[in-house]
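Notes for the structure review
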Amino acid sequence: MTIEDRDTAHVITHALARDTLSRLRDVETEQVGFRKGLVKLGRICGYEIIDGSMETEYVEIQTPLETTMGERVKGLDDVVIVNVLRAATPFVEGLLKAFPRAKQGVISAGRDEEAGMAEGEFPITIDYVKLPEIREQDTVIVADPMLATGSTMCAVLERVLENAPEPEHLFVLSAVSAPDGLIRVGEQFPEAELLTVSIDDRLDENGYIVPGLGDAGDRAFRTT
Ligand code: URA
């Protein structure tokens, strides 16, 4: 398993995850490369979640030559992935390669950048929520490639958890995160397992992660 425990989060240290994130950070990586990189990183993170948190069971299988014992991952039907629109869309596409039978939810949440950041937080608007039923046995993965101030993630988690039992696992998955955001989410949702590929240095005055990779949504959707 290539997950290291740090004070604020579990960090996925797989060499391919680090390689892919470095390509995403590169300002020369254009839209198609960026989107493909997010898909790839989502797939790697999905495999790491399976390896780090899911059990396998032994099953008897018949090969073309004889009967032998094999293994199957348990619980792959009990996975819920929440796509925090919009930057998470390619990231979730990658996660779905690891969890093809996952139930999916979407939440359109974003920070009001015109209102600006006050005390390290942005006001958050939620425009659309569609979530599947969450059950106690579920592994819930709330995916947003960028965990910056944590304000959006906290608003999203409130909606995900309202009227839901505490699931078996609640992963908050990001590619890049800022220390302040991890602390905020960890304090408000101690039941969440925070998983990231990188804990970066800081937030700038506009709430961007530094060194970060810029605006993930704009780079993936070519909206600048
Ligand atoms: N969202 C992004 O896309 N990038 C950041 O650095 C912070 C939030």
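Source: prediction; values computed, not measured.

**Some words on the nonpolar core**
Judged by nonpolar contacts, the single largest core of 61 residues is most densely connected at Ile81, Val82, Ile141, Val142 and Ala143. No other element matches helix α2 (residues 31-53), which puts 8 residues into this core. Once residues within four sequence positions are removed from consideration, valine 82 is found in contact with Gly105, Ile107, Leu131, Val140, Ile141, Val142, Ala143 and Val160.

**Notes on the environment of lysine 74**
By the secondary structure assignment, lysine 74 is in the loop between β4 (67-73) and β5 (79-85). Residue lysine 74 is classed as exposed on the basis of its C-beta count, with 11 C-beta atoms lying within 10 Å. For the pair lysine 74 and tyrosine 58, spaced 16 residues apart in sequence, the C-alpha to C-alpha distance is 9.9 Å. Not counting chain neighbours up to four residues away, the residues in contact with lysine 74 comprise Met54, Glu55, Thr56 and Glu57.

**Digging into the packing of α2 against helix α3 (residues 88-98)**
Two elements in contact, α2 and α3, have axes whose closest approach is 6 Å; the angle formed by their N-to-C orientations is 40°. Relative to α3, the element α2 is oriented oblique. The handedness of the crossing between α2 and α3 comes out as right-handed. For the pair α2 and α3, contact is made by Arg35, Leu38, Val39, Lys40, Leu41, Gly42, Arg43, Cys45, Gly46, Tyr47 and Ile50 and by Pro90, Phe91, Val92, Glu93, Gly94, Leu95, Lys97 and Ala98, respectively. For the contact of α2 with α3, the residue count by class is 11 nonpolar, 3 polar and 5 charged.

**A short note on the pairing of β4**
Of all 7 residues making up β4, only 0 are buried, and the element is barely covered by its neighbours. Where strand β3 (residues 56-62) meets β4, 7 bridges bridge the pair, whose relative direction is antiparallel. Bridge assignment links glutamine 62 to a residue of β4, and that residue is threonine 67. Connecting β3 to the next strand, β4, in antiparallel fashion are 4 residues.

**Structural notes on helix α5 (residues 179-188)**
Those residues of α5 not exposed but buried are Gly181, Leu182 and Val185. All buried residues of α5 project into a common sector of 100° when viewed along the axis, lining one side. The secondary structure elements touched by the buried residues of α5 are β9 (146-147), α4 (151-161), β10 (169-177) and β11 (193-199).

**Some details on the packing of helix α1 (residues 15-25) against α2**
Relative orientation of the contacting elements α1 and α2 amounts to 155°, with a least axis distance of 9 Å. Taken together, the axes of α1 and α2 lie roughly antiparallel to each other. Crossing angle aside, the handedness with which α1 passes α2 is left-handed. Contact with α1, carried on its side by Leu16, Ala17, Thr20, Leu21, Arg23 and Leu24, involves Gly33, Phe34, Gly37, Leu38, Lys40, Leu41 and Ile44 of α2 and no other residues of that element. Class assignment for the residues of the contact of α1 with α2 results in 8 nonpolar, 3 polar and 2 charged.

**Comments concerning the UniProt feature "binding site: 5-phospho-alpha-D-ribose 1-diphosphate" (unreviewed entry) in the chain**
Here, the residues flagged by UniProt with the feature "binding site: 5-phospho-alpha-D-ribose 1-diphosphate" (unreviewed entry) are Arg86, Arg111, Asp144, Pro145, Met146, Leu147, Ala148, Thr149, Gly150, Ser151, Thr152 and Asp215. Residues contacting proline 145, with those up to four places away along its chain left out, are Leu38, Ala87, Ala88, Phe91, Ser174, Ala175, Val176 and Ala216. By secondary structure assignment, the location of aspartate 215 is in the loop between β13 (209-210) and α6 (216-221). Look at aspartate 215 and you get partly exposed, because 14 C-beta atoms sit within 10 Å.

**Here's the deal with the UniProt feature "binding site: uracil" (unreviewed entry) in the chain**
The positions UniProt marks with the feature "binding site: uracil" (unreviewed entry) are Ile209, Gly214, Asp215 and Ala216. Tracing the chain through its elements places isoleucine 209 in strand β13. Leaving out residues up to four positions away in the same chain, isoleucine 209 has contacts with Met146, Ala148, Val176, Ala178, Asp200 and Leu203.

Conventions and cut-offs
Residues numbered from 1 in each chain as written. Predicted model: local features only at pLDDT ≥ 70, side-chain atom pairs only at ≥ 80, totals over all residues. Core = buried A, V, L, I, M, F, W, Y, C linked by C-beta atoms within 7 Å. Buried ≥ 20, exposed ≤ 12 C-beta atoms within 10 Å, placed from the backbone. Helix = DSSP H or I, 4+ residues; strand = E, 2+ residues; numbered from the N terminus. Contact = placed C-beta atoms within 7 Å. Axes fitted to C-alpha atoms, helices over the stretch in contact; angles between N-to-C directions. Parallel < 35°, antiparallel > 145°, perpendicular 65-115°, else oblique. Left-handed = near helix turned anticlockwise from the far one by under 90°. Nonpolar A, V, L, I, M, F, W, Y, C, P; charged D, E, K, R; others polar. Pairing = 2+ DSSP bridges. Arc of directions from axis to C-beta. UniProt positions renumbered as here; feature names shortened; annotations may be inferred.

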